[in-house]
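Examining the three-dimensional arrangement
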Amino acid sequence: MAVERASDRAYATLKAEIVGWDLTPGTVLGEVEQAARLGVSRTPVREALARLTADGLVAQQAGRGLVVTQVSLDDVVLLYELRTALETHAARLAAARRDEQTFRELETEFSRVTDVLASDDADRHGYYDLVERFDDAIDTAVGNPYLVTDLQGLRSHVARARRLSRRSDERLTQAASEHLAIVRAILDGNGELAAHATHVHLSNALRNIRATDPEADTPPARVS
């Protein structure tokens, strides 16, 4: 069994905290402070911060050092331009290369999303676990490691952008219906319909973000 490196642990922890807004935009990430907080030496933290900088989640700021990058509505619009290009193409490929059993199971789960929401916790972990399984199924079906790497890198920024939205069970239910349409198109092997359904979902997701005040001091919970 491979032993997880300290730098990998530091990277995973800091990334999760940034994506989850535990480390909010503008937070200074000093090596000494973060090393003490995470219980590791400065070298693993330095390596982790370098990776986070490459991810675009951390940046150098004059007079402050490394800080968590901001998330603006303008950034989100650009992000969704790229997301639409990548995810619609991924949906086309998934329709051609799918594992039918995996998507049959997702079809069943998305069809029962009202039950998931009824029994879910306040942060909707059950719902977002389902969305994550959907993403994983797409990645596996695509079978293109270069595209999957880009998709996975993009999702960290997407998760942060979702925090600009107001969560509502109505929107989550609608989003689940949109995911269900994608899943069914993939099951039918209809790549163009899968791409179109993906485009509709992403357009609605962006519209939901744009309808929310991006200047709110406290980021609300995620909306897919």
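Described in the following lines is the structure provided in the data block. (Residues numbered from 1 in each chain as written. Predicted model: local features only at pLDDT ≥ 70, side-chain atom pairs only at ≥ 80, totals over all residues. Heavy atoms only, no water.)

1. Concerning the overall build of the chain
As a reminder, the rule being used: Runs of E in the DSSP output that reach at least two residues are strands. Runs of H or I that reach at least four are helices, and both are numbered from the N terminus. Using C-alpha atoms as the atom set, the radius of gyration is obtained and then compared with a globule rule of 2.2 Å times the number of residues to the power 0.38. Accessibility here uses a 1.4 Å probe with only protein chains present; expressed as a share of the type maximum, an area under 20% marks a residue as buried, one over 50% as exposed, and anything in between as partly exposed. Values of accessible area rely on a 1.4 Å probe in the Shrake-Rupley scheme; residue burial ignores everything except the protein chains shown. Positive residues here are Lys and Arg, negative ones are Asp and Glu, while His and the chain termini are left out of the count. Just so you know, the charge point we use is NZ for Lys, CZ for Arg, CG for Asp and CD for Glu.
The helix and strand inventory of the chain stands at 10 helices and 2 strands. Along its sequence from the N terminus, the chain presents helices and strands in the succession α-α-α-β-β-α-α-α-α-α-α-α. Since a compact globule built from 224 residues should have a radius of gyration of about 17 Å, the 19 Å found for the chain is in line with a globular shape. By residue count, 45% of the 224 residues in the chain fall in the buried class. Here the chain has roughly 11,500 Å² of accessible surface; of this, 49% comes from carbon and sulfur atoms. For the chain, the distance from the average site of its 27 positive side-chain charges to the average site of its 35 negative ones is 2 Å.

2. A few points about the pattern of salt bridges
Stated precisely, the cut-off is as follows: For salt bridges, the criterion is a side-chain nitrogen of Lys or Arg within 4 Å of an Asp or Glu carboxyl oxygen.
Across all of its chains, the model carries 15 salt bridges by this definition. Among the salt bridges present, the one from glutamate 31 reaches arginine 42, with a minimum N-O distance of 3.3 Å. Residue glutamate 31 is found in helix 2 (residues 31–38), and its partner arginine 42 is found in helix 3 (residues 42–55); the two are separated by 11 residues along the sequence. Accessibility expressed as a relative area gives 44% for arginine 42, which makes it partly exposed. A single salt-bridge network, built from bridges that share partners, covers Glu100, Arg104, Glu107 and Arg184.

3. What about the side chain of glutamate 107?
Put simply, the rule is: Whenever a nitrogen or oxygen atom comes within 3.5 Å of another N or O atom, the pair is scored as a polar contact, on the condition that within protein one atom can donate a hydrogen and the other can accept it, and that pairs from neighbouring residues in sequence are kept only if both atoms are in side chains. Whether two residues are in contact is decided by their heavy atoms, any of which lying within 4.5 Å being enough.
Mapped onto the elements, glutamate 107 comes out in helix 5 (residues 100–111). Residue glutamate 107 is classed as buried on the basis of its relative accessible area of 17%. A polar atom in the side chain of glutamate 107 sits 3.0 Å from the side chain of arginine 184. Those residues within four positions of glutamate 107 in sequence are excluded, and the remaining contacts are Leu180, Val183, Arg184 and Leu187.

4. Here we look at the pairing of strand 1 (residues 58–61)
For the record, the criterion: Strands are treated as partners if at least two bridges between them are detected by DSSP.
Looking at chain direction, strand 1 and strand 2 (residues 65–68) are connected through 4 bridges and run antiparallel. Bridge pairing in strand 2 links glutamine 61 to glycine 65. Two successive antiparallel strands, strand 1 and strand 2, enclose a turn made up of 3 residues, where glycine 63 displays a positive phi of approximately 80°.

5. A short note on helix 3
Stated formally: A helix's residues, less one, multiplied by 1.5 Å, set its expected span. When we speak of the arc, we mean the arc of directions from the helix axis to the C-beta atoms.
Here helix 3 is 14 residues long and its end C-alpha atoms lie 20 Å apart, about the 20 Å a rise of 1.5 Å per residue gives. Residues of helix 3 that are buried include every one of Pro44, Val45, Ala48, Leu49 and Leu52, and no others. Angular distribution of buried residues about the axis of helix 3 spans 135°; they occupy a single face of the element. As for helix 3, its buried residues are in contact with helix 1 (6–19), helix 2, strand 1 and strand 2. Once helix 3 ends, the next one or two residues include glycine 56, with phi positive near 85°.

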